[in-house]
Amino acid sequence: MNRTEATAERGEKSNTAQYLGRAGMACWGVVHLIVAYLALRVALGGEQGREADQKGALQEIGQESFGKVVLWVLAVGLVMFGLWQFLMAATGYEWVSGGKRTRKRIGAAARGVVVLGLGYTAVRLATGSGGGGGGSQKQQEFTAKVLQLPAGPFLVVCVAIGVAIVAGAAAVKGVKQSFLQDLDIGELPGRSRRWVGWLGSTGYLAKAVVFAVVAILLAYAGLSSDARKAGGLDTALKTLAAQPYGGVLLTVVALGLAAFGVYAFAAAWAHKR
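Now for a quick tour of the structure.

Definitions and limits used
- Residues numbered from 1 in each chain as written.
- Predicted model: local features only at pLDDT ≥ 70, side-chain atom pairs only at ≥ 80, totals over all residues.
- Heavy atoms only, no water.
- Helix = DSSP H or I, 4+ residues; strand = E, 2+ residues; numbered from the N terminus.
- Expected span 1.5 Å × (residues − 1).
- Buried < 20%, exposed > 50% of the residue type's maximum accessible area, 1.4 Å probe, protein only.
- Contact = heavy atoms within 4.5 Å.
- Phe/Tyr/Trp six-rings, centres within 6.5 Å; stacked < 30°, edge-to-face > 60°.
- Axes fitted to C-alpha atoms, helices over the stretch in contact; angles between N-to-C directions.
- Parallel < 35°, antiparallel > 145°, perpendicular 65-115°, else oblique.
- Nonpolar A, V, L, I, M, F, W, Y, C, P; charged D, E, K, R; others polar.
- Salt bridge = Lys/Arg side-chain N within 4 Å of Asp/Glu carboxyl O.

**Quick word on helix 4 (residues 98–126)**
Here is step 1 of the chain: Taking 1.5 Å per residue as the helical rise, helix 4 with its 29 residues ought to reach 42 Å, and the 42 Å between its terminal C-alpha atoms agrees with that figure.
Here is step 2 of the chain: Here helix 4 has its buried residues at Lys104, Ala108, Gly112, Val115, Leu118, Gly119, Thr121, Ala122, Leu125 and Ala126.
Here is step 3 of the chain: Of the residues trailing helix 4, glycine 128 is marked for its positive phi of about 80 degrees.

**Some details on the environment of alanine 126**
Here is step 1 of the chain: Inspection of the secondary structure assignment puts alanine 126 in helix 4.
Here is step 2 of the chain: The exposure class assigned to alanine 126 is buried, which follows from its relative accessible area of 9%.
Here is step 3 of the chain: Linking alanine 126 and leucine 74, residues 52 residues apart in sequence, is a C-alpha distance of 9.9 Å.
Here is step 4 of the chain: Not counting the four nearest positions on each side in its chain, alanine 126 is found in contact with Lys68, Leu71 and Trp72.

**Focus on the environment of tyrosine 37**
Here is step 1 of the chain: Within the element layout of this structure, tyrosine 37 appears in helix 1 (residues 2–43).
Here is step 2 of the chain: C-alpha of tyrosine 37 to C-alpha of threonine 251: the two residues are 214 residues apart in sequence and 9.7 Å apart in space.

**A short note on the packing of aromatic side chains**
Here is step 1 of the chain: For the coordinates displayed, the defined rule picks out 9 aromatic pairs.
Here is step 2 of the chain: Residues phenylalanine 81 and tryptophan 84 carry aromatic rings whose centres are separated by 6.1 Å and whose planes lie at 45 degrees to one another, so their mutual orientation is tilted. Separated by 3 residues within a single helix, phenylalanine 81 and tryptophan 84 lie in helix 3 (residues 67–91), roughly one turn from each other.
Here is step 3 of the chain: Residue classification places phenylalanine 81 among the buried positions, given a relative accessible area of 1%.
Here is step 4 of the chain: Ring geometry for phenylalanine 260 against tyrosine 263: centres 5.7 Å apart, planes inclined by 50 degrees, an arrangement best described as tilted. Remark: tyrosine 263 and phenylalanine 260 occur in helix 9 (residues 246–270); sequence separation between them is 3 residues, near one turn of the helix. Exposure class is identical for phenylalanine 260 and tyrosine 263. Each is buried.
Here is step 5 of the chain: Three or more aromatic residues joined by ring pairs form one cluster here, namely Phe179, Tyr204, Phe260 and Tyr263.

**Things to note about the packing of helix 2 (residues 54–62) against helix 3**
Here is step 1 of the chain: Contact geometry of helix 2 with helix 3 gives a least axis separation of 7 Å together with a crossing angle of 140 degrees. Put simply, helix 2 runs oblique to helix 3. Residues Leu58, Ile61 and Gly62 of helix 2 form the contact with helix 3, whose own contacting residues are Gly67, Val70, Leu71 and Leu74.
Here is step 2 of the chain: Classifying every residue of the contact of helix 2 with helix 3 gives 5 nonpolar, 2 polar and no charged.

**Concerning the packing of helix 8 (residues 233–241) against helix 9**
Here is step 1 of the chain: Running from amino to carboxyl end, helix 8 crosses helix 9 at an angle of 140 degrees, the nearest separation of the two axes being 7 Å. Judged by the inter-axis angle, helix 8 sits oblique to helix 9. Taken together, the residues of helix 9 that come into contact with helix 8 (itself represented by Leu237, Leu240 and Ala241) are Gly246, Gly247, Leu249, Leu250 and Val253.
Here is step 2 of the chain: Of the residues assigned to the contact of helix 8 with helix 9, the class counts are 6 nonpolar, 2 polar and no charged.

**Quick word on the environment of alanine 268**
Here is step 1 of the chain: Locating alanine 268 in the fold gives a position in helix 9.
Here is step 2 of the chain: C-alpha separation for the pair alanine 268 and methionine 25, spaced 243 residues apart in sequence, amounts to 5.6 Å.
Here is step 3 of the chain: Look past the residues within four positions of alanine 268 in its chain and what remains in contact with it is Arg22, Met25 and Ala26.

**Observations concerning the pattern of salt bridges**
Where charged atoms of side chains with opposite charge meet at close range, the side chains can pair.
Here is step 1 of the chain: Across all of its chains, the model carries 1 salt bridge by this definition.
Here is step 2 of the chain: The partner of aspartate 182 in a salt bridge is lysine 104, and the shortest N-O contact between them spans 3.0 Å. Highlighted residues: aspartate 182 in the loop between helix 6 (152–176) and helix 7 (190–224) and lysine 104 in helix 4, separated in sequence by 78 residues.

Below you can see the structure in the form of structure tokens.
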């Protein structure tokens, strides 16, 4: 009897973690929607002062009415999502096996690190502590430190290759729609089932483009030994905008990021346990 009660208690805690993690995933979707809005504003030649990245999205929220309250909600949600990703990395993805499960668990762990870092930034902004420089500035500072190491340029190029692999993986996921393996499509309302695949594919392809640009910038920084050539999401989006027909290209990418944000809501609702 005690064993049965303990099993039930563990199941209840697991369900609680799932619900909290899914709520956090919805917050992750909100961040993508606001990044998409900032990118679209850059594409249309609007205000360029705000960084078009995750931190810029949080700063945008903080400027609105009740912005501090929303920032706290997002901060809690992002922390929950990050912790859920670590839980998935440790014990999740039982519906796949072998190398595929290993890759998914590694991806979840990496995503958890990124999301927890963003949650920390949200807390700092909510408390008025700033949050440090933008993502591109931090990446340039980190790249500069790496370039000073023995074989530093080689290491930066290796990181660029790693980011390029991530870009390729996102593109493959978008084309093959392998992300649908992680969802119980039957849990979604009837009409939304027809859209979730398209939204996810569009979103992952847009993220693949952004990762690819970041990889190119990093490779250029490594080959030229110039950290100023590196950059994060903000620099990648503005680099796209600076190309011929860049406004059109960046608009397409922004709409893709918005599609991923909407997809995140569906994934939060129907993600497998």
